[in-house]
Amino acid sequence: MEFQVGGKDGWVVKPSEDYNHWAQRHKFQVNDILYFKYKKGNDSVLVVKKEDYISCNINNPIHKMDDENLTFLFDRSGLFFFISGNMDNCKNGQKLKIFVIAVRDTLPHATPPSQSSVSVPNGHGEGDGGGWSGGVNDNNICPICCPVAHYCTCC
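Residues numbered from 1 in each chain as written. Predicted model: local features only at pLDDT ≥ 70, side-chain atom pairs only at ≥ 80, totals over all residues. Heavy atoms only, no water.

**Q** Teacher, can you tell me more about the nonpolar core here?
**A** Across soluble globular proteins, you tend to see nonpolar side chains buried next to one another. Counting 22 residues, the largest nonpolar core has L34, F36, F82 and L96 as its most contacted members. If sequence neighbours within four positions are ignored, L96 has contacts with V5, W11, Y19, N20, W22, A23, L34, Y53, F80, F81 and F82. Counting residues in each nonpolar core, the second largest holds 10 residues, with L46, V48, F81 and F99 among its members. (Core = buried A, V, L, I, M, F, W, Y, C linked by side-chain atoms within 4.5 Å. Buried < 20%, exposed > 50% of the residue type's maximum accessible area, 1.4 Å probe, protein only. Contact = heavy atoms within 4.5 Å.)

**Q** How do you make sense of the packing of aromatic side chains when you look at a structure like this?
**A** A ring pair, where both rings are aromatic, is described by two values, the distance of the centres and the angle of the planes. Summed over the entire model, instances satisfying the criterion amount to 12 aromatic pairs. With a centroid separation of 6.0 Å and 65 degrees between ring planes, the pair formed by F28 and F74 is classed as edge-to-face. Linking F28 in strand β2 (residues 28-29) with F74 in the loop between β6 (70-73) and β7 (78-84), this pair joins segments that are 46 residues apart in sequence. Here F28 and F74 have matching classes, each one buried. The ring of F80 has R76 lying over it, and the distance from NZ or CZ to the ring centre is 4.3 Å. (Phe/Tyr/Trp six-rings, centres within 6.5 Å; stacked < 30°, edge-to-face > 60°. Helix = DSSP H or I, 4+ residues; strand = E, 2+ residues; numbered from the N terminus. Lys NZ or Arg CZ within 6 Å of the ring centre and 35° of its normal.)

That's the geometry; what it means functionally is another story.
Printed below as a string of structure tokens:
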């Protein structure tokens, strides 16, 4: 599925709806696509680590995207952090964090695996984008039993 970041406003400094509020209204899965709409030369989008997202550090991006009207494919589950390539824009709220869940089987009578057989993705933990690293993460979100609920008891 494709999502236009910020809805009709696109990737701008002061959208009508906060980017993280916009993201919370949607369910993102692996293979979904984000569409960033903005004028080339006016901005860029950086994929960054959690620390750089918090501080609006534009000097150490994991990935820089500066083509007009670009798309970004979620190739894994976990947390993704996006900021404007303009530090002032980022500090004024042009940043976005998205939690992506794994694609689930749609078998009608599938039995969930036992806790001991669950494999938790940990290849994108602390230091490389802030993805899930086991246990309860910073946002109290558990991708195994309740990917959008808080205070899970299964992990």
